[in-house]
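# Overview (structure and organization)
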Amino acid sequence: MGPTITVIMPVYNGRSYLEASIRSAAAQTTQPVEIIVIDDGSSDGSADFAESLQTPFTKHVLRVENGGQSRARNIAAAQATGELLAFLDHDDIWHRRHLELLAAPFAIDPDLGWSYCDIDEMDHDAKVVHLQLLHVLNPEVEHPKRSLYNLLASDMYIFPSAAVVRASAFAAVGGFDERLAGYEDDDLFLRLFRSGWRNVFIPESLVRYRRHTSSSAFSERMWRSREIYAAKLMAAFPDDRELSRFWVRDLIAPRFFRAGLAEYIRHMDRGRPDLCALALDVAQRYSALSRPGLRRRLRQGIIFRLMKQPKLFRFLFYLLRRDPRFRKRRPQTA
């Protein structure tokens, strides 16, 4: 018999998605011992609706004041009885063998801290947008996680709904950082990695991740959370000249510089000049921390001045994109 599993589902105003998500947990080929639905201060009756749904295993519905997904998950994890914690966001849907395949490696490896899988993307109406999305998001990110360099240089692309974590490992590293409402997953898995817990990647898509404009990835909290996480990384991994390990200059600063550019382009396309200004500030700050040479500083200085006028820059940006030489050299920003 394999390890016992607790499903943890934070929900905030997610009543319209709850039934499909909970049904996907109930339909698992490997059944959990319980599901803990923790309502994070919803105003749409999510908790009452969750109470009304039937499951073939124990269901607990907890109600807390709104404090964010990280806090909600931690509260639920503290009450979980399972040896493994399987996180399921209220708007995502598991495939039937999700728990079976992700839990299996724990039975043979006592040092395994977490397992995770690829994902399929769906839209607001649960219609498939993309299959096996991780490689598309960034083909240079390694799976499973083996190198600190790779973990710091880019987002990890471990989605909470696609991960199962050993409960004792989760507790040992202190769970999610409750200051974070975005990047809390990268932060958790980085700390698990640094503490010596191993990980396994299942290349099969076992979850459908719902992406829509009300999801946390589009919120202002995400912006603030990214700043907190970047500062946390730079404090934990300062440049070390003696070992020639320039964590900030070569990995962390370029990572968040690219994130700033990606945000700028996204908001430029949507005609949001105020958010373009915020994204430009992000790009400029992290560009300076990467300590570019004189030629690059001069080139970026010209580009940054143009970016202060999003309408003009949008015209120039898409004009240059037609040039095949530009497309070859253009850095990935998404």
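## With respect to the overall build of the chain
Assigned secondary structure in the chain consists of 14 helices and nine strands. With the C-alpha coordinates of the chain rotated into their principal frame, the extents come out at 65 × 45 × 35 Å. Split into buried and exposed, the 334 residues of the chain put 51% on the buried side. Nonlocal contacts in the chain, meaning residues at least 24 apart in sequence, comprise 75% of its contacts between residues at least 6 apart. Per element, the accessible surface of the chain, about 16,400 Å² overall, is 53% carbon and sulfur.

## Side note on helix α3 (residues 69-79)
Taken residue by residue, α3 has S70, A72, R73, N74, A76 and A77 as its buried positions. Those residues of α3 hidden inside the fold are in contact with β1 (5-11), β2 (34-40), β4 (84-87), α7 (167-172) and α8 (184-194).

## Some details on the pattern of salt bridges
Evaluation of the coordinates by the stated rule reveals 21 salt bridges. Note that D48 is salt-bridged to R63, the shortest N-O span being 2.7 Å. With a gap of 15 residues between them, D48 in helix α2 (residues 46-52) and R63 in strand β3 (residues 58-64) connect regions that are remote in the sequence. When its relative accessible area of 47% is taken as the criterion, R63 is described as partly exposed. The closest approach of N and O atoms between D187 and R191, which form a salt bridge, is 2.9 Å. Placement of both D187 and R191 in helix α8 is noted, with a separation of four residues, approximately one turn of the helix. Take D187: its relative accessible area is 2%, and that puts it in the buried class. Within this structure, D177, R179, D187, R191 and K232 form a network of salt bridges that share partners.

## Observations concerning unusual backbone geometry
Residue P144 is reached from H143 by a cis peptide bond, and omega for that bond is -5 degrees. On the secondary structure map, P144 appears in the loop between α5 (134-137) and α6 (148-153). The backbone of Y157 sits at a positive phi, close to 60 degrees, despite the residue not being glycine. Even without being glycine, R291 reaches a positive phi, approximately 50 degrees. Position of R291 among the secondary structure elements: in the loop between α11 (273-289) and α12 (294-307). Look at R291 and you get partly exposed, because its relative accessible area is 42%.

## Looking at the nonpolar core
In this structure, L152, F189, L190 and L192 are the most contacted members of the largest nonpolar core, which totals 99 residues. In terms of residue count, helix α10 (residues 247-269) provides more of this core than any other element does, eleven residues in total. In this structure F189 touches W114, M156, I158, A163 and V165, once residues within four positions along its chain are discounted.

## Observations regarding a nonpolar patch on the surface
Nonpolar side chains collect at one region of the surface, where L312, F315 and L319 lie side by side and expose about 290 Å² of accessible area between them. Locating F315 in the fold gives a position in helix α13 (residues 310-321). Look at F315 and you get exposed, because its relative accessible area is 54%.

## Some words on the packing of aromatic side chains
For the coordinates displayed, the defined rule picks out 14 aromatic pairs. Among the aromatic residues, ring-to-ring pairing joins Y183, Y229, F256 and Y286 into one connected group. Seen from the ring of W223, R226 lies directly overhead, with NZ or CZ sitting 5.2 Å from the centre. Directly above the aromatic system of F246 lies the positively charged group of R249, at a separation of 3.9 Å from the ring centroid.

## Some words on the side chain of S205
Within the secondary structure, S205 sits in strand β9 (residues 198-210). The exposure class assigned to S205 is buried, which follows from its relative accessible area of 12%. There is a polar contact of 3.3 Å between the side chain of S205 and the backbone oxygen of I119. From its side chain, S205 meets the backbone nitrogen of Q132 in a polar contact 3.4 Å long.

## Details of α13
End to end, α13 covers 16 Å across twelve residues, agreeing with the expected 16 Å (1.5 Å per residue, within 8%). Within α13, the full set of buried residues consists of P310, F313 and F317. One side of α13 carries all its buried residues, which in axial view fall inside an arc of 60 degrees. Looking at α13, the residues exposed on the side facing more than 90 degrees away from the buried face are K311 and F315. Check the buried side of α13 and you find it contacts α10, α11 and α12.

## Re the side chain of T55
Within the element layout of this structure, T55 appears in the loop between α2 and β3. The exposure class assigned to T55 is buried, which follows from its relative accessible area of 18%. At 2.7 Å, the side chain of T55 and the backbone oxygen of F57 are in polar contact.

Each value, and the rule that gives it
Residues numbered from 1 in each chain as written. Predicted model: local features only at pLDDT ≥ 70, side-chain atom pairs only at ≥ 80, totals over all residues. Heavy atoms only, no water. Helix = DSSP H or I, 4+ residues; strand = E, 2+ residues; numbered from the N terminus. Buried < 20%, exposed > 50% of the residue type's maximum accessible area, 1.4 Å probe, protein only. Contact = heavy atoms within 4.5 Å. Areas by Shrake-Rupley, 256 points an atom, 1.4 Å probe, with all protein chains shown as cover. Salt bridge = Lys/Arg side-chain N within 4 Å of Asp/Glu carboxyl O. Core = buried A, V, L, I, M, F, W, Y, C linked by side-chain atoms within 4.5 Å. Patch = residues over 30% accessible without salt bridge, like charges linked within 9 Å, V, L, I, M, F, W, Y side chains within 5 Å. Phe/Tyr/Trp six-rings, centres within 6.5 Å; stacked < 30°, edge-to-face > 60°. Lys NZ or Arg CZ within 6 Å of the ring centre and 35° of its normal. Polar contact = N/O pair within 3.5 Å; in protein donor to acceptor, adjacent residues only side chain to side chain. Expected span 1.5 Å × (residues − 1). Arc of directions from axis to C-beta.

Interpretation note: all reported values are geometric properties and have no functional meaning in isolation.
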